[in-house]
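What follows is each chain in one-letter form.
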Amino acid sequence: MNLPNGKAAQLGDKLERYCLNPIHPKGKDKATLFRLRLGITLENKAILEAALLEAAIAGNAVLYQADEYGIQYDIRFQMSTDTSNALVLSCWIIRQDEDFPRLTNTYPVNR
């Protein structure tokens, strides 16, 4: 299924603050994976941003869970860069009081 209202997906500052941040206590591991597997860092994050927004529109979303915070979805998609290619997991939530998805997490996964 498509991510509901995927065209309105919001990335916020999740990449800068967490997923690509090499000094974040938990995010640094994701930042290392992105750098090693795809050559993506904060300096070229636009590549990842474009891929995430494309996945939000056209990717195959899987309902992960619905809870008091909202409805959460996962999208796995293949991503290629000049460095390599990898399967990427992106996690999204549509909060109870909103009608658009927000990125909550993303990182390269093993096949």
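Everything below is about the structure printed above this text.
Residues numbered from 1 in each chain as written. Predicted model: local features only at pLDDT ≥ 70, side-chain atom pairs only at ≥ 80, totals over all residues. Heavy atoms only, no water.

## Focus: the overall build of the protein
Along the backbone of the protein there are three helices and four strands. Compactness check: the protein gives a C-alpha radius of gyration of 13 Å against a globular reference of 13 Å for 111 residues, within 12% of the reference. With the C-alpha coordinates aligned to their principal axes, the bounding extent of the protein is approximately 35 × 25 × 25 Å. Residues counted as buried form 44% of the 111 residues belonging to the protein. A separation threshold of at least 6 residues defines the contact pool for the protein, and within that pool the share at least 24 residues apart is 50%. Put simply, the protein shows about 6,400 Å² of open surface, and 50% of that area lies on carbon and sulfur atoms. Placing the 13 positive and 13 negative side-chain charges of the protein at their respective mean positions leaves the two points 6 Å apart. (Helix = DSSP H or I, 4+ residues; strand = E, 2+ residues; numbered from the N terminus. Rg over C-alpha atoms; globule rule 2.2 N^0.38 Å. Buried < 20%, exposed > 50% of the residue type's maximum accessible area, 1.4 Å probe, protein only. Contact = heavy atoms within 4.5 Å. Areas by Shrake-Rupley, 256 points an atom, 1.4 Å probe, with all protein chains shown as cover. Lys, Arg positive; Asp, Glu negative; His and termini not counted. Charge placed at Lys NZ, Arg CZ, Asp CG, Glu CD.)

## Focus: unusual backbone geometry
The backbone phi angle of N5 is positive, close to 55°, even though this residue is not glycine. Within the secondary structure, N5 is located in the segment before α1 (14-19). Taking relative accessible area as the criterion, N5 reaches 39% and is therefore assigned partly exposed.

## Brief notes about the nonpolar core
Residues L48, L52, F77, M79 and W92 are the most contacted members of the largest nonpolar core, which totals 25 residues. Those elements giving two or more residues to this core turn out to be α1, α2 (27-38), α3 (45-58), β2 (70-80) and β3 (85-95). For this core, the leading source of residues is α3, giving five residues. The residues contacting M79, other than those within four sequence positions of it, are L38, I40, I47, L48, A51, S84, N85, A86 and V88. (Core = buried A, V, L, I, M, F, W, Y, C linked by side-chain atoms within 4.5 Å.)

## Description of the pattern of salt bridges
One pass over the full model with this rule turns up five salt bridges. Here R17 and D13 are joined by a salt bridge, their closest N and O atoms 3.2 Å apart. The class of R17 is partly exposed, set by a relative accessible area of 42%. With relative accessibility at 40%, the residue D13 sits in the partly exposed group. E16 is the partner of K45 in a salt bridge, and the nearest nitrogen-oxygen pair spans 2.2 Å. Residue K45 is located in helix α3, and its partner E16 is located in helix α1; the two are separated by 29 residues in the primary sequence. One continuous salt-bridge network, built from bridges that share partners, spans E16, K45 and E49. (Salt bridge = Lys/Arg side-chain N within 4 Å of Asp/Glu carboxyl O.)

## Overview of the side chain of D67
Examined against the element boundaries, D67 turns out to sit in strand β1 (residues 61-67). Within the buried set, D67 has no salt-bridge partner at all; the shortest N-O distance to an opposite charge, 9.8 Å, is to R95. Beyond its immediate chain neighbours, meaning those up to four positions away, D67 contacts Q72 and Q96.

## Quick notes on α3
Helix length check: α3 (14 residues) gives 20 Å between terminal C-alpha atoms against 20 Å at 1.5 Å per residue, within 8%. All of the buried residues in α3 are L48, A51, L52, A55 and A56. Along α3, the residues classed as buried sweep out an arc of 140° about the axis, all on the same side. In α3, the exposed positions that point more than 90 degrees away from the buried face belong to E54 and A58. Next to the buried residues of α3 lie α1, α2, β2, β3 and β4 (102-109). (Expected span 1.5 Å × (residues − 1). Arc of directions from axis to C-beta.)

Keep in mind these values describe shape, not function.
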